[in-house]
Amino acid sequence: MSKLVTYAELKEHKTKDSLYILLHEKVYDVTKFMDEHPGGDEVILAEAGRDATEAFEDVGHSDEARALLADMLVGDFEKTDELKTKGSSSSPSHSGAVNTAVQQGSNLMYFVPLGVLGAYFAYRYYSTGSI
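Residues numbered from 1 in each chain as written. Predicted model: local features only at pLDDT ≥ 70, side-chain atom pairs only at ≥ 80, totals over all residues. Heavy atoms only, no water.

(A) Structural view of the overall build of the protein chain. A tally of helices and strands in the protein chain yields 5 helices and 5 strands. The linear arrangement of helices and strands in the protein chain, starting from the amino end, is β-α-β-β-β-α-α-α-β-α. Considering only contacts within the protein chain whose residues lie at least 6 apart along the sequence, 68% involve residues at least 24 apart. Looking at the protein chain as shown, the accessible area adds up to about 8,900 Å², and 57% of this sits on carbon and sulfur atoms. (Helix = DSSP H or I, 4+ residues; strand = E, 2+ residues; numbered from the N terminus. Contact = heavy atoms within 4.5 Å. Areas by Shrake-Rupley, 256 points an atom, 1.4 Å probe, with all protein chains shown as cover.)

This is the structure:
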């Protein structure tokens, strides 16, 4: 039988020295993994002390990333009224930090290639006199 982790215990572990993350109603100790996380430790710290399921799924983690979770499992989360997990909640809510990061990435994805293309045509126009 796995350990039952309370909301109070989850809130106690939200520093770089000891960090628990809640994913799919299971609690994981990701303290040792933070330095290895490809997205940086800030991304994980932003989701400390709350249900990080939506942020985890929005990024689209690979099967290899999901396999790493098994070694970090602390136990199941004890559902309380203090924290509604995403699996039991009917209203979607988004993390502000994750939305901002996704929005900034989306903007760069479109504007950088358009800027490069515009610069190319401007160079070609001014150097040869025609597009």
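(B) Representation of the nonpolar core within the structure. Counting residues in hydrophobic clusters, the biggest one holds 13 residues, and the most contacted among them are Leu19, Ile21, Leu23, Tyr28, Val30 and Ile44. Elements with a minimum of two residues in this core: β3 (18–23) and α4 (63–72). With 3 residues, the single largest contributor to this core is β3. Judged by nonpolar contacts, the second largest core, of 8 residues, contains Leu22, Val27, Val74 and Phe77. (Core = buried A, V, L, I, M, F, W, Y, C linked by side-chain atoms within 4.5 Å. Buried < 20%, exposed > 50% of the residue type's maximum accessible area, 1.4 Å probe, protein only.)

(C) Region of the structure containing the confidence of the model for the protein chain. Averaged over every residue, the pLDDT of the protein chain is 79; the share at 70 or more is 77%. Here residues 87–93 is a poorly scored stretch, pLDDT under 50, and it has 5 contacts once near neighbours within four places are set aside; other chains count. (pLDDT = per-residue confidence, 0-100.)

(D) Quick look at the pairing of β3. Burial analysis of β3 places 5 of its 6 residues in the buried class, the great majority of the element. Count of turn residues in the strand β2 (residues 14–15)/β3 antiparallel hairpin: 2 residues. Looking at chain direction, β3 and strand β4 (residues 26–29) are connected through 4 bridges and run antiparallel. By the bridge assignment, Tyr20 is partnered in β4 with Asp29. Two successive antiparallel strands, β3 and β4, enclose a turn made up of 2 residues, where His24 displays a positive phi of approximately 50°. (Pairing = 2+ DSSP bridges.)

(E) Structural detail: the pattern of salt bridges. In total, this model carries 4 salt bridges according to the counting rule given. Among the salt bridges present, the one from Lys3 reaches Glu9, with a minimum N-O distance of 2.7 Å. Here Glu9 falls in the buried class, since its relative accessible area comes to 17%. Of the charged contacts, one joins Asp76 and Lys26 as a salt bridge, the two residues approaching to 2.8 Å between their closest N and O atoms. Residue Asp76 is located in strand β5 (residues 73–77), and its partner Lys26 is located in strand β4; the two are separated by 50 residues in the primary sequence. (Salt bridge = Lys/Arg side-chain N within 4 Å of Asp/Glu carboxyl O.)

(F) The arrangement of the packing of aromatic side chains in detail. Summed over all chains, the structure comprises 2 aromatic pairs. Both rings, one in Tyr125 and one in Tyr126, keep their centres 5.3 Å apart while their planes meet at 75°; by these two values the pair is edge-to-face. (Phe/Tyr/Trp six-rings, centres within 6.5 Å; stacked < 30°, edge-to-face > 60°.)

(G) Structural view of the environment of Lys32. Note that Lys32 resides in the loop between β4 and α2 (41–45). Judged by its relative accessible area of 79%, Lys32 falls in the exposed class. For Lys32 and Asp17, which are 15 residues apart along the polypeptide, the C-alpha to C-alpha distance reads 8.8 Å.

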